[in-house]
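Examination of the molecular architecture
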Amino acid sequence: MITAAFFGFLYGFILCFTFGPAFFRLIQTSIDNGYKSGMLIALGVTAADAILMFLAVFGTAFLPQIDNFDMYLSVGGAVLLIGLGLISIFKQQPQLVYPKTKFGTVLYYFTSGLFLNLLNPSNYIAVFGTSTYLKGAQHFDLGQIIIFFCLSLVATMFAESLISYYANKMKKVLTPKIITRINQVAGLVFIGSAMAILYKQFMI
C-alpha cells in the first residue's frame with residue numbers, strides 16, 4: 001500500500017507538468033483572473049481525472065454504447081480547443097483584476113477545466129493505459145490501484161494549486177504586453193493540440 005501511495009502521488013504530480021492544454025489554461029486563468037479562478041480550473045481538471053480513473057478501475061460499463069464515440073470525442077475536444085485558442089490569441093486587453101465570485105463565474109471556470117480533460121483523448125489513453133499497466137505488469141490488486149489513483153488525485157490538486165498560486169504571484173511583475181504574449185502562446189498551444197487530436201483521429 002505504501003508503494004502504491006508513493007508512486008500514485010508521484011504519478012499525479014508529474015502528470016500536471018506535461019504542458020498540455022489544461023496546464024496552459026490554468027496558468028493563463030491564474031494570471032488573468034487571479035488565484036481563485038485558477039483553483040476552479042484545477043478543481044475541474046481534478047474532477048475530470050477522478051471520472052476517468054473511476055471508469056478505468058471499475059470498467060467502462062457506465063459509458064454509453066455510441067457508434068464512433070471516439071470520433072465525436074475527438075471532434076468535440078478539437079472544437080473546444082480551437083475556440084479557446086482563438087479567444088486567447090485575439091483577446092486585446094488582459095484582465096488584471098479579480099472578478100466578483102458569482103455562480104456563473106464558478107461554473108464557467110470549473111467546467112473549463114473539466115471539459116479540457118474529458119474532451120482530450122490523450123487523457124483516456126494515459127489513465128486507461130496506467131490502469132492496465134498496474135493490473136498486468138505490477139500485479140496491483142484492486143485496493144492498491146484505488147490507493148494509487150486516490151493519491152494521484154491528491155497530488156494533482158496539490159501541484160495545480162502551486163502552479164495557480166505562483167502564476168498569480170508572477171502577475172505583479174508582468175506587464176500587460178507580456179501577459180498578452182502568454183495568452184497568445186497558450187492560444188497556439190490550444191490550436192496545436194486540436195490539430196494533433198484531429199490528425200491522430202482522421203489521418204493515422
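As shown above, the structure is provided for reference.
Criteria and thresholds
- Residues numbered from 1 in each chain as written.
- Predicted model: local features only at pLDDT ≥ 70, side-chain atom pairs only at ≥ 80, totals over all residues.
- Heavy atoms only, no water.
- Core = buried A, V, L, I, M, F, W, Y, C linked by side-chain atoms within 4.5 Å.
- Buried < 20%, exposed > 50% of the residue type's maximum accessible area, 1.4 Å probe, protein only.
- Helix = DSSP H or I, 4+ residues; strand = E, 2+ residues; numbered from the N terminus.
- Contact = heavy atoms within 4.5 Å.
- Patch = residues over 30% accessible without salt bridge, like charges linked within 9 Å, V, L, I, M, F, W, Y side chains within 5 Å.
- Areas by Shrake-Rupley, 256 points an atom, 1.4 Å probe, with all protein chains shown as cover.
- Salt bridge = Lys/Arg side-chain N within 4 Å of Asp/Glu carboxyl O.
- Axes fitted to C-alpha atoms, helices over the stretch in contact; angles between N-to-C directions.
- Parallel < 35°, antiparallel > 145°, perpendicular 65-115°, else oblique.
- Left-handed = near helix turned anticlockwise from the far one by under 90°.
- Nonpolar A, V, L, I, M, F, W, Y, C, P; charged D, E, K, R; others polar.

This brings us to the nonpolar core. Counting residues in hydrophobic clusters, the biggest one holds 17 residues, and the most contacted among them are Leu118, Val127, Leu134, Phe140, Ile145, Phe148 and Phe149. At 5 residues, helix H3 (residues 35-58) tops the list of elements feeding residues into this core. By size, the runner-up hydrophobic cluster in this structure holds 14 residues, among which are Ala22, Phe23, Met157 and Ile163.

With that out of the way, let us pick up the environment of Ile146. In this structure, Ile146 sits in helix H7 (residues 142-170). As for Ile146 and Ala4, which are separated by 142 residues in sequence, their C-alpha atoms are 8.8 Å apart. When residues no more than four places from it in sequence are discounted, the contact partners of Ile146 are Val57 and Phe58.

To continue, consider a nonpolar patch on the surface. Residues Phe9, Val154, Phe158, Leu162, Tyr165 and Tyr166 make up a contiguous nonpolar surface patch of about 550 Å² in total accessible area. Here the element with the most residues in the nonpolar patch is H7; it accounts for 5 residues. For Tyr166, the location among the structural elements is in helix H7.

Two elements in contact, helix H1 (residues 2-15) and H7, have axes whose closest approach is 7 Å; the angle formed by their N-to-C orientations is 40°. When the axes of H1 and H7 are compared, the pair comes out oblique. Classified by chirality, the crossing of H7 by H1 is right-handed. Seen from H1, the contacting residues are Ala4, Ala5, Phe7, Gly8, Phe9, Tyr11, Gly12 and Phe13; seen from H7, they are Gln144, Ile147, Phe148, Leu151, Ser152, Val154, Ala155, Thr156, Phe158 and Ala159. Among the residues forming the contact of H1 with H7, the class breakdown is 13 nonpolar, 5 polar and no charged.

Keep in mind these values describe shape, not function.
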